[in-house]
Every structure is written in C-alpha cells, then in structure tokens.
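Breakdown of the fold
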Amino acid sequence: MPSTTPSSTPATNEALFARAQRVIPGGVNSPVRAFRAVGGTPRFIARADGAYMWDAEGKKYIDYIGSWGPMILGHGHPAVLDAVHKAAADGFSFGAPTEREIELAEAIIALVPSVEQVRLVSSGTEAGMSALRLARGYTGRNKIIKFEGCYHGHADALLVKAGSGLATFGHPTSAGVPADVVKHTLVLEYNNLAQLDEAFAAQGSEIACVMIEPIAGNMNFVRASVPFVKRLRELCTQHGALLIFDEVMTGFRVALGGAQSVYAKLIPGFKPDMSVFGKVIGGGMPLAAFGASREVMSRLAPLGPVYQAGTLSGNPVATACGLATLKEISRPGFYEALAAKTRSLVKGLEGAARDAGVPLVGDSEGGMFGFFFVAQPGDGLPQNYPSVMATDQARFNRFFHGMLDRGVYLAPALYEAGFVSAAHSADDIAATSRAAGDALRA
Ligand SMILES: *Cc1c(COP(=O)(O)O)cnc(C)c1O
C-alpha cells in the first residue's frame, strides 16, 4: 500500500465508467446497469441510506430500484444492520450447517403454505436452475414451458424468448447456448389461454413443468390474468406437470405470502407446486431459495438422485440479513402501508402525466409497480411482452433521464418494474410526482 494517496479529487461518473470499461466488460457486472437501453452514463453509487442513494459526484437520488427489489426496508435499516454486524463477527462462512438456516427455512415455510421444505442457495439464477432440474428429476420428463418476457435467471435452458405470436420451440436469445440445450424449452405468450391449451393438448404427457413470473416484473409490470392462472393450475394437475411460481421478484414484495397469496384470494385453494425466491429474502445479501412439498423436495441430494449444492449456500451473514428483514416485514400493517404508498406513487405519476397531456397507465401490488407510456388516452395496461414493447420507448427514455436529472432514480429500461420501500416518505412520493410533471412538460 502506498503511504500517501494522490490528491483526492472526487471521481466523476464519467471517469469511473471509462476506468470500469477497461477492466470489466461494458464497465458493469450485470448488463442492465450499463444504461444501454436508455443511453447515457451509469451512476456509480457511493452509498445509500433509507430511500436515498448518492452517486460518486455526491448527487442524491430517491431510489425506486432498491437493488432491483431486495431493499424493501430501505437501505441500512438499523435492525438489519445490527444483525449483519453480529453475524459477521461470528464468522463469514463455515461450510457446515447453522441454526440460522433452520430459522430462515422455518420462517419461509410459515409464510408460504405451499412450501413444506426449502433449500437455500445464493442467487435467483441458481434457485431457478435448481428448481427446473428438480422438476425434471421428479417427473422424469424433459420438456418445460416458459413465457415470453419472463426472466428466470440466466441458466441455459431458461434463457429463451419466443418468436412473435405463435409458440415456437426454443431459439436461444443468448449466444453460447447450444440449440440442443433449449430444444426442450417451449416458449408461449403470456396470458394466452389458447396457446396454453394447445401446448398441453399436443404434448402434455411430456411436460415436466411450467415456470412463470405470476406478476411479471421483467417486462415492466404485467399480471397473469386470473383465468390464465386458473387454467395453468388445471392443466398442470391434469397432465402431471409441476407449476413453478418464480417469485424471486414478487416473493415478500407484493405481499408477505408472495404473489401466490394474491392469487389464492382470487382462486380458492390455489397453490403452485414449487416456488422460487430471492431478492427480498436476502435483504440485499446474496441469498435465494426454492421450495415445494416434502415429497418433491425429497428427490434432492442427499435424500434423492437430483444433485444440487453450494459452497456458500445458507451463508451465515446472508441468512442473518434475510431473517432480520423478514422479521421487520412480518409486522402487522407493513404491507398495507407499503401498498398504499406505492399506489399513491402510481396515482401521482398518472396525475402528472394527465396534467401534461401524456397518456400513461400504471399498476402496482404491494411494493412493486410499473407504468407505461401508451399510444393514446384510454389504452389499457399491456397484457404480454409484445404489447409492452409496443409502448413508447423514446418517451420512456426521455422521461428516465428527466427524472434522473431531477434526482429520481427509476429502473433504466422500460421493461423493468419499480420498487417502493418502507423508508420512502409521503414527501418523497410527492417530490417524485412533481419531478414527473416537470420532466413531462420539459
Ligand atoms: C432477478 C430475477 C431472477 C434472477 O435472480 P438473480 O439473483 O439475479 O440471479 C430470477 N427470476 C426473477 C423473476 C427475477 O426477477
């Protein structure tokens, strides 16, 4: 280490981005951070507190990304910080079981009735990939159904999008994924009942599982319709396929019991067969999970023949962070308050747009929201990927930068959902609506 540091002029976002690009592909460790969809220079974040983040230049933002979902309590919640400090002092990782893993598993099972056992992993990608392998191992089938516009992490078999309109057997969206690996992946249009019926009629006995984001947050914010979820459940049961809810984003975010609890209120007795969690359950630390009935989970190693493992799985610091987060969000009234705040934000955006004469529609559930610049007033919410992509991208991009300039940090792409935390105040929401009005009129 040099004994003296060079004069510390604070680095600009621009300078940091240039430096990052020399040593990290595209300057980022996850592509969407690079602002490719909206253009411009990514903000390098120096620190965050509550509902706010500060970039390397000291500019303050109201944060509506919350690390893409995990920060439901806001940044640096005192109880969570305390739990993390204590856990870190006791050791970072042991590669041996700990009591805290049991506590977290018990907490998840208590909150999600469809889950009788869970396995903890370190990322949503890992959880989704493992759930898929388990579904195939359990059913002894290879084919899987996913939906266009749903993201389930970047495992090869799931990294597939559909051709437009008709169901197509997998074309990889990424280079480096052999066609052989995705030939079992059938991609259907979200909320399209006819395609679903057709797929099951043609090959129902070969389908291991259907994986879905029940409220899709990777194509902005699109709800699976109630008839669609109902039909999914019927068809999976009828044909012996497992219905997997990917709740990496929606779990503990749209409600304490996840999106499945939202649908269970609308479809009596509704349960998925398997669930995938991430984001909120780690409270900002690398932690994810997948769970199902004891019968399904018993096919997993060391009990069964489906292999799955992880050096850092159930990490003691991550589980402490997740447990402390779950404890806070389990307090009575937490989601009512969060949902009301999120609804007021969406109403604020809609109001600002109406005043500016700009057609915008929004929606939210719990602490997750989305909004769309639609073609004309009266247009409803998009129901699938093509209709999301048909919304006004140029206007979104202008709006994104207008908001960023005014200190509001929205997700840098029109196909991403937004997130409100318990730390956002009514003043933050009001300031956001004012900024939206200014940005739309500018
Ligand atoms: C974020 C996300 C994933 C992937 O999780 P990572 O932790 O980024 O690997 C999977 N599914 C959904 C629905 C997600 O939103």
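Before reading further, recall that the structure is shown in the block above.
The shown structure was predicted, so the numbers you read here are calculated from the model rather than taken from an experiment. Residue indices follow the written sequence of each chain, beginning from 1 at its first position. Local features in a predicted model are, by the rule used here, given only for residues with pLDDT of at least 70; side-chain atom pairs are given and counted only at 80 or more, and totals for whole chains, interfaces and linings are based on all residues. No hydrogens and no water enter the side-chain calculation; it runs on all heavy atoms of the structure.

1. As for the nonpolar core
To keep it simple, the criterion reads: Residues enter a nonpolar core if they are buried and are Ala, Val, Leu, Ile, Met, Phe, Trp, Tyr or Cys, with the set joined through side-chain atoms within 4.5 Å. Only protein chains enter the accessibility calculation, which uses a 1.4 Å probe; a residue whose area is less than 20% of its type maximum is buried, one above 50% is exposed, and one in between is partly exposed. Strands here are runs of E lasting at least two residues and helices are runs of H or I lasting at least four, both read from the DSSP assignment and numbered beginning at the N terminus. Any two residues having at least one pair of non-hydrogen atoms within 4.5 Å are treated as being in contact.
Ranked by size, the top nonpolar core spans 102 residues in total, and within it Ile 108, Phe 147, Phe 252 and Phe 399 carry the most contacts. At eight residues, the largest contribution of residues to this core is made by helix α11 (residues 334–356). When sequence neighbours within four positions are dropped, the list of residues in contact with Phe 399 reads Leu 349, Phe 371, Phe 373, Leu 410, Ala 436, Ala 439 and Leu 440.

2. Quick notes on the sheet that holds strand β18 (residues 408–409)
Inclusion rule: For two strands to count as paired, DSSP must find a minimum of two bridges between them.
Strands sit in the order β1-β2-β3-β18 across an open sheet of four strands; the sheet is mixed. Strands with a single pairing partner mark the edges of an open sheet, and in this sheet they are β1 (45–49) and β18. In this sheet, strand β3 (residues 60–63) lies alongside strand β2 (residues 52–55) in antiparallel orientation, the contact comprising three bridges. Directly across from Met 53, in β3, lies its bridge partner Tyr 61.

3. Comments concerning the pattern of salt bridges
Rules: Salt bridges, as used here, are contacts in which a Lys or Arg side-chain nitrogen is within 4 Å of a carboxyl oxygen on Asp or Glu.
Under the defined criterion, the tally for this structure stands at nine salt bridges. The closest approach of N and O atoms between Lys 86 and Asp 82, which form a salt bridge, is 3.0 Å. Of this pair, Lys 86 and Asp 82 are both found in helix α2 (residues 78–90), four residues apart, which corresponds to roughly one turn of the helix. Residue class for Lys 86 comes out exposed when judged on its relative accessible area of 52%. Within this structure, Asp 197, Arg 231 and Glu 234 form a network of salt bridges that share partners.

4. With respect to the environment of Gly 314
Topologically, Gly 314 is positioned in the loop between α9 (294–297) and α10 (316–329). When the C-alpha positions of Gly 314 and Leu 326 are compared, they lie 15 Å apart, and in sequence the two are 12 residues distant.

5. Overview of unusual backbone geometry
In the segment running from Ala 301 into Pro 302, the intervening peptide bond is cis, with an omega of 10°. Mapped onto the fold, Pro 302 is located in the loop between α9 and α10. Positive phi, close to 70°, is recorded for Trp 68, a residue that is not glycine. Note that Trp 68 resides in the loop between β3 and α2.

6. So, the packing of α11 against helix α14 (residues 426–441)
The condition is simple: With axes taken as lines fitted to C-alpha atoms, and helix axes fitted only over the stretch in contact, angles between N-to-C directions fall between 0 and 180 degrees. An angle below 35 degrees is treated as roughly parallel, one above 145 as roughly antiparallel, one from 65 to 115 as roughly perpendicular, and anything else as oblique. The sense of a crossing depends on the near helix, which, turned anticlockwise from the far helix by less than a right angle, makes the crossing left-handed and, turned clockwise, makes it right-handed. Three residue categories are used. Nonpolar comprises Ala, Val, Leu, Ile, Met, Phe, Trp, Tyr, Cys and Pro, charged comprises Asp, Glu, Lys and Arg, and polar comprises the others, including Gly.
At a minimum axis distance of 9 Å, the contact between α11 and α14 shows a crossing angle of 25°. When the interaxial angle is binned, α11 and α14 end up roughly parallel. For the pair α11 and α14, the crossing hand works out as right-handed. Facing Lys 341, Ser 344, Leu 345, Gly 348, Leu 349, Ala 352, Ala 353 and Ala 356 of α11, the residues of α14 in contact are Ile 429, Thr 432, Ser 433, Ala 436, Gly 437, Leu 440 and Arg 441. Grouping the amino acids of the contact of α11 with α14 by side-chain chemistry returns eight nonpolar, five polar and two charged.

7. Quick notes on the side chain of Ser 433
Within the secondary structure, Ser 433 sits in helix α14. Setting aside anything within four residues of it in sequence, one finds Ser 433 in contact with Gly 348, Leu 349 and Ala 352.

8. Considerations on the layout of surface pockets
Under the convention used in this document: In the cavity and pocket records, a cavity denotes points on a 1 Å grid over the protein atoms alone where a 1.4 Å probe fits but cannot get out, a pocket denotes an open set with protein on both sides within 12 Å along at least 5 of 7 lines, and lining residues are residues with an atom within 4 Å of a point. Grid points are joined across faces, edges and corners, and a volume is the space filled by probe spheres set on the points.
Approximately 590 Å³ is the volume attributed to the second largest pocket. For the second largest pocket, the lining is made up of 27 residues, of which Glu 101, Val 118, Arg 119, Leu 120 and Ser 313 are closest to its centre. Mapped by element, the contributors of at least two residues to the lining of the second largest pocket are α3 (99–111) and β4 (117–121). Per-element tally for the lining of the second largest pocket: the top contributor is β4, with four residues.

9. Examining the site of the ligand
Cut-off, in case you're wondering: It suffices for a single heavy atom of a residue to lie within 4 Å of a molecule or strand for the residue to be listed as near it. Counting of polar contacts relies on pairs of N or O atoms within 3.5 Å, with two restrictions inside protein: one atom must be capable of donating a hydrogen and the other of accepting it, and residues adjacent in sequence are counted only when both atoms are side-chain atoms. Residue-level accessible areas treat just the shown protein chains as cover; the underlying method is Shrake-Rupley with a 1.4 Å probe.
Residues in close proximity to the ligand include Ser 123, Gly 124, Thr 125, Tyr 151, His 152, Gly 153, Glu 213, Asn 218, Asp 246, Val 248, Met 249 and Lys 279, which together make up its full environment. One of the backbone nitrogen or oxygen atoms of Tyr 151 is found 3.2 Å away from a nitrogen atom of the ligand. Separating a nitrogen atom of the ligand from a side-chain N or O atom of Asp 246 is a distance of 2.7 Å. For the ligand, whose accessible area on its own is 390 Å², the fraction buried by protein is 82%.

10. Quick notes on the sheet that holds strand β19 (residues 418–419)
Across the sheet, three strands lie side by side as β16-β17-β19; this open sheet has antiparallel pairing. The strands lining the two open edges of the sheet, one partner per strand, are β16 (360–365) and β19. Pairing geometry for strand β17 (residues 368–373) and β19, over two bridges, is antiparallel. Residue pairing in the sheet places Met 368 in a bridge with Phe 419 of β19. Those strands touched by α11 are β16 and β17, and its axis lies near 180° from that of β16.

On their own, these measurements won't tell you what the molecule is for.
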